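Each chain, written out:
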Amino acid sequence: MTSPMPRPPRDPKPADESDGPVEANPQEIRLLLVEDNPGDAYAVETTLRNLSKPGYRVVRAQRLGEALMLARNDEFDIVLLDLSLPDSQGIEGVQEFARTTTGLPIVVLTGLEDDEVAVQALNHGAQDYLVKGEDNARVLRRAIRYAIERKRSDEHVERLATTDPLTGLANRTLFRDRLEHALSRAQREKSRVALLYLDLDRFKAVNDTFGHGAGDALLRIVSDRIRLAVRESDTVARIGGDEFTVILESLGEPTQAKPVATKIAEALALPYRIGENELYVTPSIGIAVYPDCAGDAESLVRNADGAMYAAKLQGRNGIQLFTMDMYAQSFRRLEMEGLLRRALDEDELYLAFQPRVRLSSRKIIGAEALLRWKSAEVGEVFPSAFIPIAEDTGLIVPIGEWVLRQSCVQAVKWQRRGERVVVAVNVSPRQFRQPGFVKQVADILSETGLPPGCLELEITESLLMTDVQGCEAMLRSLRDVGVCISVDDFGTGYSSLAYLKRFSLDALKIDRSFVSGICTDSGSAAIAHAICGLSRALGLEVIGEGIESEEQAARLAAEGCDIAQGFLFSPGLTAGPFSDLLEHGFRPVSHIALGTRVNAR
Ligand code: C2E
Ligand code: MG
Ligand code: MG
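Computed from a prediction, not measured in an experiment: that's the story for all the values here.

Engineer: So what's going on with the overall build of the protein chain? Residues and values would help.
Structural biologist: Secondary structure summary: the protein chain contains 23 helices and 23 strands in total. The C-alpha atoms of the protein chain give 36 Å as radius of gyration, which overshoots the globular expectation for 601 residues (25 Å, by more than 25%). For the protein chain, the C-alpha atoms occupy an extent of roughly 115 × 55 × 45 Å along the three principal directions. The buried share of the protein chain, taken over its 601 residues, is 48%. Restricting to contacts in the protein chain with at least 6 residues of sequence separation, those with at least 24 account for 69%. Surface accessibility of the protein chain: about 28,500 Å² in total, with carbon and sulfur atoms responsible for 52%. Where the 69 positive side-chain charges of the protein chain centre and where its 87 negative ones centre are 4 Å apart.

Next up, the structure:
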């Protein structure tokens, strides 16, 4: 935590009572005496003057208001506080002092009859009390010393309860407390508070690879860097393993928070030298601003967390400001999750088949099965909106099985009509990794009677690269079953070519983004060219996807790519219209598009 901590009181050395005049010395105790009665004040000051070491520098105030002002503007080690002042009576003064000058030990001065009040004062933040008239040198010195010590140990206990032992930052408890205070202050002062919610990308990998010692060392450096990137008065807290929060106060505009987040992100992106290793981590940061994004502490935390999650989804190392749109999205996400659970049972899912065409003959040789969901409540939902939810929740496993079975059933129907259509099914990473996937594929093939060579599984490039060994074995088993394997959206996922040749693959699908730029953008054209060359070198088929114009088709053909899909030929069609197409061949695209939804991502 970087907000001002009370200055630790210096160690008061035992006094030597025999000595002469008080000299300013670095160990002197700075004492604020709050006493309106000149006689009582004189008695205390004289007694203190006679205690030479450690020496006391006394500043006197006669009213509570004046004393509070002095305490705010100057540093004191202790306050001696009379409980009967012109502007305050009883423990009220103690309460005010304890509230506004946290960290300053308080010794109250009471009359002989005021035992009851003295006890109350102790309960409200005073460390000790002195009865006037009994404040001789020994008693006074003991009380001062005791109060300073007690305050110090109280603070130590409090620090233990409120700081994170690994980094010394505020812990979750202190963070919540500071946030509540910051919001009340902002409400009073009509200012803004920004909450930054920060999570380290791939921190788990550091722990797993280099051990927990390295992980801890990294977290300590991270916390130092965050601390240095913000103002002294901003609260930085560690609220979970690799989760940090920063409270930025007194903001004028919500936009003022982003530059701070950028500064933190830049500081954290620098290399970390830990032992022999140089490590790199980046943060994802979500920002929510009070009162713009939330009206209370709990919602502010939730929304900053939501924004952080959105930053992660958009690719790591991002900064995302919370928007009301995001709230709607998270709400929709929850709602959609419930609806999706029912979609299978309610028969709301169906398949569209996009023809796969041989460019040289324009004949349909296959179809990609694309999942569709028409929800009774919300209407048609795009796969890009619901597949990630199905993947996150694990619903993709039963849904994927359904897609696989339905696709095979349909392909068998076409086969019975004399049409050989290879059906390609998208397989999500979660589905692919589930135990028993190979057996499931084999069972569905034998159950439906589809020859294995008529089924193609489309997997993603990133799946291959995250678990090379696991995938290698899985692909070999699938190859044994006899199905074909293609890599979808190829070119977007940093494939290592060395690995690529180890896998049993049949085809690479050039990602739509490269096809769409093939005639207009030299970078896309170069990548498409490279993928075609690579496929040839590895003995794989190459499939162009997302072809929308004759020009693109011609360019692909010139690169040696003969198999293609795209709106130029047809969007995804339900089984009926697809069967018509098989029978009659292509009609003008606009005619087909009229009767079916054109699926744009
Ligand atoms: P994908 O596998 O790369 O599928 C191609 C997507 O591009 C489809 O979008 C398709 O409708 C669209 N598309 C095809 N030709 C063109 C074109 O010429 N221009 C344009 N603009 N778009 C074209 P869709 O159906 O929205 O599917 C999006 C993604 O959802 C798919 O990308 C695939 O990753 C995933 N998906 C679809 N069905 C399934 C499924 O059954 N299981 C799994 N796991 N994922 C699926
Ligand atoms: Mg696909
Ligand atoms: Mg694709």
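Engineer: Go over the site of ligand 1 with me, naming the residues and quoting the values.
Structural biologist: Near ligand 1 there are 22 residues, and of these Asn-426, Asp-488, Arg-512, Glu-548 and Phe-567 occur at the shortest range. Between ligand 1 and Glu-368, the relevant distance is 2.9 Å, taken from an oxygen atom to a side-chain nitrogen or oxygen of the residue. A distance of 2.8 Å separates an oxygen atom of ligand 1 from a polar atom in the backbone of Phe-567. Of all the elements in the fold, those that place two or more residues in the shell around ligand 1 are β16 (363-375), α12 (383-393) and β20 (484-490).

Engineer: An account of unusual backbone geometry is needed here, citing residue identities and associated values.
Structural biologist: Along the chain, Tyr-290 connects to Pro-291 via a cis peptide bond; the corresponding omega equals 0 degrees. When you line up the elements, Pro-291 lands in the loop between β13 (283-290) and α10 (297-313). Unlike most non-glycine residues, Ser-250 shows phi in positive territory, near 55 degrees. Tracing the backbone through its elements, the reader meets Ser-250 in strand β10 (residues 243-251).

Engineer: Which residues make up the coordination of the magnesium ion (ligand 3), and what values do they have?
Structural biologist: Protein-derived coordination of the magnesium ion (ligand 3) comes from Asp-488 (OD), Asp-489 (OD), Glu-545 (OE) and Glu-545 (OE), at a distance range of 2.0 to 2.5 Å. As a motif over one chain, the donors of the magnesium ion (ligand 3) read D-D-x55-E. Separating the magnesium ion (ligand 3) from the magnesium ion (ligand 2) is a gap of 4.0 Å, which Asp-488 spans by donating to each of them. Accessibility assignment for this pair places Asp-488 and Asp-489 in one class, buried.

Engineer: How would you summarise the packing of aromatic side chains if you had to cite specific residues and measurements?
Structural biologist: This model, assessed by the stated rule, comprises five aromatic pairs. Ring centres of Phe-432 and Phe-437 lie 5.9 Å apart, and the angle between their planes is 50 degrees; on these two criteria the pair is classed as tilted. An identical accessibility class is assigned to Phe-432 and Phe-437; each is buried. Here a set of aromatic residues connected by ring pairs shows up, and it is made of Phe-353, Trp-414 and Phe-578. A cation sits over an aromatic face here: Arg-225 above Tyr-272, 3.8 Å from the ring centre.

Engineer: Can you explain the pairing of strand β8 (residues 192-200)? Please cite residues and give values.
Structural biologist: For β8, the buried fraction is high: eight of the nine residues fall into the buried class. Sheet topology places β8 next to β10; seven bridges connect them, and they run antiparallel. In the strand pairing of β10, Tyr-197 is matched with Thr-245. The sheet contact formed by β8 and β13 spans eight bridges and is antiparallel. Considered in β13, the bridge of Leu-196 is made with Ile-287.

Engineer: Account for the pattern of salt bridges, with residues named and values stated.
Structural biologist: Scanning the model with the defined rule gives 30 salt bridges in all. Between Lys-132 and Asp-40 there is a salt bridge whose closest N-O contact spans 3.1 Å. Linking Lys-132 in the loop between β7 (128-131) and α5 (137-162) with Asp-40 in helix α1 (residues 38-50), this pair joins segments that are 92 residues apart in sequence. On the basis of relative accessibility, which here comes to 24%, the residue Lys-132 falls in the partly exposed class. According to the relative accessible area criterion, Asp-40 is partly exposed, its value standing at 25%. Taking the shortest distance from any N to any O, the salt bridge between Asp-128 and Arg-142 comes out at 3.5 Å.

Engineer: Could you give an account of a negative patch on the surface, naming the residues involved and the relevant values?
Structural biologist: On the surface, a cluster of negative charge is made up of Asp-154, Glu-158, Asp-177, Glu-180, Asp-296 and Glu-298. Where the negative patch is concerned, the elements lending two or more residues are α5 and α6 (172-189). Counting through the fold element by element, Glu-298 comes out in helix α10. A residue is classified by how much of its surface remains accessible, and Glu-298, at 54% relative accessible area, is exposed.

Engineer: Describe the pairing of strand β22 (residues 541-544), listing the residues and the values that go with them.
Structural biologist: In this structure, strand β21 (residues 507-510) lies alongside β22, joined through four bridges in parallel fashion. When the bridges of β22 are listed, Ile-510 appears paired with Gly-544.

Engineer: Help me get a handle on the sheet that holds strand β3 (residues 78-82), residues and values and all.
Structural biologist: The strands that make up a sheet pair up through hydrogen bonds in the backbone, lying either parallel or antiparallel. Taken in spatial order, the five strands line up as β2-β1-β3-β6-β7 in an open sheet, and their pairing is parallel. Each end of this open sheet is capped by a strand with a single partner; those strands are β2 (56-61) and β7. This sheet shows a mean twist of 20 degrees between the axes of neighbouring strands, independent of strand direction. Across the sheet, helix α4 (residues 115-123) lies against β6 (106-110) and β7, angled at about 160 degrees from β7, the strand it touches most. Across the face of the sheet, α5 comes into contact with β1 (29-34), β2, β3, β6 and β7 while running at roughly 165 degrees to β7.

Engineer: Talk me through the side chain of Ser-223; I want residue IDs and the actual numbers.
Structural biologist: On the secondary structure map, Ser-223 appears in helix α8 (residues 212-229). You can call Ser-223 buried: its relative accessible area is 0%.

Reading the values: rules and limits
Residues numbered from 1 in each chain as written. Chains lettered and ligands numbered in written order. Predicted model: local features only at pLDDT ≥ 70, side-chain atom pairs only at ≥ 80, totals over all residues. Heavy atoms only, no water. Helix = DSSP H or I, 4+ residues; strand = E, 2+ residues; numbered from the N terminus. Rg over C-alpha atoms; globule rule 2.2 N^0.38 Å. Buried < 20%, exposed > 50% of the residue type's maximum accessible area, 1.4 Å probe, protein only. Contact = heavy atoms within 4.5 Å. Areas by Shrake-Rupley, 256 points an atom, 1.4 Å probe, with all protein chains shown as cover. Lys, Arg positive; Asp, Glu negative; His and termini not counted. Charge placed at Lys NZ, Arg CZ, Asp CG, Glu CD. Near = heavy atom within 4 Å. Polar contact = N/O pair within 3.5 Å; in protein donor to acceptor, adjacent residues only side chain to side chain. Donors = N, O, S within 2.8 Å, 3.2 Å for Na, K, Ca; no water. Phe/Tyr/Trp six-rings, centres within 6.5 Å; stacked < 30°, edge-to-face > 60°. Lys NZ or Arg CZ within 6 Å of the ring centre and 35° of its normal. Pairing = 2+ DSSP bridges. Salt bridge = Lys/Arg side-chain N within 4 Å of Asp/Glu carboxyl O. Patch = residues over 30% accessible without salt bridge, like charges linked within 9 Å, V, L, I, M, F, W, Y side chains within 5 Å. Axes fitted to C-alpha atoms, helices over the stretch in contact; angles between N-to-C directions.

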